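So you can see what is in the structure, the chains are spelled out below.
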Amino acid sequence: MTTLSPIAGSPTTSKPLGPRGLPLIGNLLGLRRDPLTFFTNCALIYGDAVPFRLGPRRALFLNNPDLIERVLVTEHRNFPKISFLWRQFTAVLGDGLVTSHGSLWQRQRRLCAPAFTPARLTAYAGVMVQATERMLDSWRIGEVRDLHADMMALTLRIVAETLFGVGIEADIPRIETAVADLTSEMAARMVRPILIPDAVPLPGHLRYRRGLACIEDVATRIIAKRRREAAAGQNLLDALIDARDETGAPMSDRQLRDEAVTFLLAGHETTALALTWALYLLGQHPEVGAALTAEADAVLGDGPVTFEDLHRLPLAEQVVNESLRLYPPAWLIGREAGQDCEIGGHAIPKGTPLYTCPWVLHRDSRFWAEPLAFRPERWVERADRQLPRFAYMPFGGGPRVCIAQRFAVMEAVLILASIARRCRLLPSQDRPVVPFPSITLRPAGPVKFRIEAR
Ligand code: HEM
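Residues numbered from 1 in each chain as written. Predicted model: local features only at pLDDT ≥ 70, side-chain atom pairs only at ≥ 80, totals over all residues. Heavy atoms only, no water.

J.: Break down the sheet that holds strand S3 (residues 57-62) for me, with residues and values.
T.: Each strand in a sheet pairs with its neighbour through backbone hydrogen bonds, running either in the same direction (parallel) or in the opposite one (antiparallel). Spatially, 4 strands are ordered S2-S3-S8-S5 in an open sheet, and the strand pairing comes out mixed. At either end of the open sheet lies a strand with only one pairing partner, and these are strand S2 (49-54) and strand S5 (333-336). Across the sheet, the mean angle from the axis of one strand to that of its neighbour is 30°, orientation sign disregarded. Pairing between S2 and S3: 6 bridges, direction antiparallel. The residue of S3 that forms the bridge with Val-50 is Phe-61. Running over the sheet, helix H2 (residues 35-46) touches S2 and S3 and is turned about 140° from S2. Across the face of the sheet, helix H3 (residues 65-74) comes into contact with S2, S3, S5 and strand S8 (353-356) while running at roughly 115° to S3. (Pairing = 2+ DSSP bridges. Helix = DSSP H or I, 4+ residues; strand = E, 2+ residues; numbered from the N terminus. Axes fitted to C-alpha atoms, helices over the stretch in contact; angles between N-to-C directions. Contact = heavy atoms within 4.5 Å.)

J.: How would you summarise the sheet that holds strand S4 (residues 144-146) if you had to cite specific residues and measurements?
T.: Overall, antiparallel pairing links the 3 strands, which are arranged S4-S12-S9 in an open sheet. Edge positions in the sheet fall to S4 and strand S9 (424-427), since each of these pairs with one other strand and no more. Geometrically, the sheet is characterised by an average inter-axis angle of 40° between neighbouring strands, direction not taken into account. Sheet analysis places S4 next to strand S12 (residues 448-452), joined by 3 bridges and oriented antiparallel. Along S12, the bridge assignment pairs Arg-145 with Phe-449.

J.: Give a description of the confidence of the model for the chain that names residues and reports values.
T.: The pLDDT averaged across the chain works out to 89; a share of 95% of its residues lies at or above 70. Taken as a whole, residues 8-12 scores under 50 in pLDDT and shows 3 contacts with residues more than four places along the chain or in a different chain. (pLDDT = per-residue confidence, 0-100.)

J.: Lay out the packing of aromatic side chains in plain terms, naming residues and giving numbers.
T.: Applying the stated criterion across every chain yields a total of 15 aromatic pairs. With 6.1 Å between their ring centres and 75° between their planes, Phe-116 and Phe-407 make a pair best called edge-to-face. Taken together, the residues span a long stretch of sequence, with Phe-116 in the loop between helix H6 (102-112) and helix H7 (118-138) and Phe-407 in helix H17 (residues 405-422) at a distance of 291 residues. For the pair Trp-368 and Trp-379, a centre-to-centre distance of 6.0 Å together with 40° between the ring planes defines the contact as tilted. Taken together, the residues span a long stretch of sequence, with Trp-368 in the loop between helix H16 (358-361) and H17 and Trp-379 in the loop between H16 and H17 at a distance of 11 residues. (Phe/Tyr/Trp six-rings, centres within 6.5 Å; stacked < 30°, edge-to-face > 60°.)

J.: Can you break down the site of the ligand residue by residue, with the values?
T.: The immediate surroundings of the ligand are formed by 23 residues, with Trp-105, Arg-109, Arg-335, Arg-400 and Cys-402 found nearest. Within the contact set of the ligand, an oxygen atom lies 3.4 Å away from a backbone nitrogen or oxygen of Leu-97. At a separation of 2.7 Å, an oxygen atom of the ligand approaches a polar side-chain atom of Trp-105. Counting residues per element, the shell around the ligand draws most heavily on helix H13 (residues 269-284), which supplies 3 residues. By residue class, the composition of the shell around the ligand is 15 nonpolar, 4 polar and 4 charged. (Near = heavy atom within 4 Å. Polar contact = N/O pair within 3.5 Å; in protein donor to acceptor, adjacent residues only side chain to side chain. Nonpolar A, V, L, I, M, F, W, Y, C, P; charged D, E, K, R; others polar.)

J.: I'd like a rundown of the side chain of Gln-108, residues and numbers included.
T.: Mapped onto the fold, Gln-108 is located in helix H6. A distance of 3.2 Å separates polar atoms of two side chains, one belonging to Gln-108 and the other to Arg-107. Look past the residues within four positions of Gln-108 in its chain and what remains in contact with it is Leu-97, Met-251, Gln-255 and Glu-259.

Printed below as a string of structure tokens:
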């Protein structure tokens, strides 16, 4: 019979089960100071299931693929998303896919799935490449650019155009400001220990209400136009408008608005970061950059990349996989215990938050040879297929796995190949770029590169 350890450490055991915290604040200091090191040390020192404290709240860190599979897949109904965290975002994301749960989430997930069929992806590929080519046309040989800023602008344009259609050019600057306001307020709420009602007129709240109103305005206009014209288009919102549940009912306008905001926010920064880190790593490994250029030349000839080229760009996809391993944009994934239970030898009361950290798992020497080395070739034989399912999880897993995984990988491959075809990028700063873990894993400063001719 398994002996269960009480979650916060036991007076009868001499070895602590997790990092000792301070009275009242628990482990918040270490977590605030450097969360990546905090979780890395938890795994190194204490093992696969590590209790810690978020202020007065007890929490458990999981670093074992089998335990993670239990939480995300086999017993996912017992482990919903963390209500304490997500209620902070409900006003922004409404009942969209990221925040909803239970039967509402199930219905929405089914309704959203047709937006990601291969036929739809083909149409989105064209939008992605055109937006990238426009960005590359605006780059000048010899200039130094912050690629993080460029990738943020590019992926926002792409998600806005795939979502709303290419006719929204005039709205892009407003959408950019709105999304920046919304994400900065969400990042602030993520580390705020208390819930401040949206009605309190803090500057961040006002900015975020303005941002939300802007996106609602664009979504409402496009939904109304689409309903008036009743002509099927190829954008993501069209797919959502056309979707019907098993009773034949469509999504309400409110639900469409929630999904539009959700896709804009979930689909923008994550992909921008995947690309920023990939370009950064390529800058550190010019031999891989040269091989990528050779692949693009061999496959693409003179024309822009197309959907049909994708399967002939294996190195570009390996670079994306390896970058997502070393710098997973979703660096922390959380759930909470829906009822009292046991996991990893710990008795967990209902409501306890559980965290897993792809950053730590993806750098774990139990699963990866030379874990800190950038080696795209490990993906020639799909490194993850020889490993436990949850040793590699940049897109999460189980029923709530990223709905746009194929969209995102396709986008990253198309953009990398388009850049490789047109120019060379040389790092123009000596300092290494340090990751800054916010909601997503951002670079702490600009990522500067000089644009060189091919
Ligand atoms: C490299 C880019 C991306 C990464 C690394 C990423 C990562 C993730 C992860 C880890 C989750 C699961 C979170 C959890 O279980 O708590 C998730 C969910 C989600 N992602 Fe992505 N994502 C990316 C791109 C996108 C894009 C481009 C879109 C939309 C166009 C998108 C939309 C969503 C949505 C709607 C969910 C919620 C799914 C659900 O709960 O049913 N993501 N993503």
